[in-house]
Amino acid sequence: MAIITQVWQSPIGSLTIGVFMDALCLCDWTYRRMRKTVDQRLQQFLNAPMIEGKHPLIDQTITQLQEYFNGDRIKFELPLLLCGSPFQKSVWNGLLKVPYGTTSTYSELTNSLGDPKAIRAVASANGANSIAIIIPCHRIIGVQGDLVGYAGGLQAKKQLLLIEEALPQLDLFT
């Protein structure tokens, strides 16, 4: 058993897509700062090496991402394999509830999980998300409406929110 990966060039940056046992476990920015850490965590969690290859689910993921980038898809329909602690999984499942075309804040997400004091842990779990775009961590913004931290970079976050027409009233020239 292996995590089958393929790199795909999206319109806003390179994504590494990975499948394990017919479920998507990875769709992450290829050049993110924590790329090695995320890959090691997945391999350890699944007790499987990563190998480059082809898989029908990777093709399906790319098709759905292309539809998203073209503005033709607002909901992904892919089998997901969340690889993390129970707390991380609860945060990622919370992110899946943030609707397309909207944003939320770390404090709103934290409150929805029932532990308002866990904001740092929620932010950390958000940053550990290995299924970018599909698990929409880009929809989490600062309490003042500012764009804050994103593994793909703030420019990618801004572009994703523009696709979704979800940008808060920001000065787009900063």
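Quick caveat, the model's predicted, so the values are computed rather than measured.

(A) Here's a closer look at the sheet that holds strand β4 (residues 50-52). One open sheet accounts for four strands, arranged β3-β2-β1-β4; its pairing is mixed. Looking along the sheet, the strands with just one partner apiece sit at the ends: β3 (23-29) and β4. Direction aside, neighbouring strands of the sheet carry axes that sit 30° apart on average. For strand β2 (residues 13-20) and β3, the ladder comprises six bridges, and the chain directions are antiparallel. Its bridge partner being in β3, Phe-20 is matched across the sheet by Ala-23. In this fold helix α2 (residues 56-69) packs onto β1 (3-10), β2 and β3, with an angle of close to 25° to the strand it touches most, β1.

(B) Region of the structure containing unusual backbone geometry. Even without being glycine, Ile-133 reaches a positive phi, approximately 70°. Considering the arrangement of structural elements, one finds Ile-133 in the loop between α5 (119-127) and β6 (140-141). Not every positive phi belongs to a glycine, and Glu-165 is a case in point at roughly 55°. According to the relative accessible area criterion, Glu-165 is exposed, its value standing at 71%.

(C) Quick look at the pairing of β2. With respect to burial, β2 is a largely interior element, eight of its eight residues being buried. Bridge count between β1 and β2: seven bridges; the pairing is antiparallel. When the sheet's bridge partners are listed, Ser-10 is paired in β2 with Gly-13. Linking β2 to β3, which pair antiparallel, is a turn of two residues; within it Met-21 sits at a positive phi near 50°.

(D) How the structure looks around α5. Within the sequence span of α5, burial applies to Val-122, Ala-125 and Asn-126. An end-on view of α5 places all buried positions within 105° of arc, on one side of the element. Buried residues belonging to α5 abut α3 (86-95), α4 (106-112) and β6.

(E) Just the packing of aromatic side chains, in detail. Under the counting rule described, the total for this entry stands at five aromatic pairs. Taking 5.4 Å as the distance between ring centres and 75° as the angle between the ring planes, the aromatic pair formed by Tyr-68 and Phe-69 counts as edge-to-face. Classification of Tyr-68 as buried rests on a relative accessible area of 0%. For the ring pair Tyr-68 and Tyr-100, a centre distance of 6.2 Å and an interplane angle of 90° mean the geometry is edge-to-face. Linking Tyr-68 in helix α2 with Tyr-100 in the loop between α3 and β5 (104-105), this pair joins segments that are 32 residues apart in sequence.

(F) Spotlight on the nonpolar core. If you look at the biggest cluster of nonpolar residues, it comprises 38 residues, and the most contacted ones within it are Leu-24, Trp-29, Leu-65 and Ile-133. Breaking this core down by element, the ones donating at least two residues are β1, β2, β3, α2, α3, α4, α5 and α6 (154-163). If you tally residues by element for this core, the top one is α2, at six residues. Setting aside residues no more than four positions away along its own chain, Ile-133 makes contact with Leu-15, Trp-29, Leu-65, Tyr-68, Phe-69, Phe-76, His-138, Tyr-150 and Leu-160.

Scoring rules and cut-offs
Residues numbered from 1 in each chain as written. Predicted model: local features only at pLDDT ≥ 70, side-chain atom pairs only at ≥ 80, totals over all residues. Heavy atoms only, no water. Pairing = 2+ DSSP bridges. Helix = DSSP H or I, 4+ residues; strand = E, 2+ residues; numbered from the N terminus. Axes fitted to C-alpha atoms, helices over the stretch in contact; angles between N-to-C directions. Contact = heavy atoms within 4.5 Å. Buried < 20%, exposed > 50% of the residue type's maximum accessible area, 1.4 Å probe, protein only. Arc of directions from axis to C-beta. Phe/Tyr/Trp six-rings, centres within 6.5 Å; stacked < 30°, edge-to-face > 60°. Core = buried A, V, L, I, M, F, W, Y, C linked by side-chain atoms within 4.5 Å.

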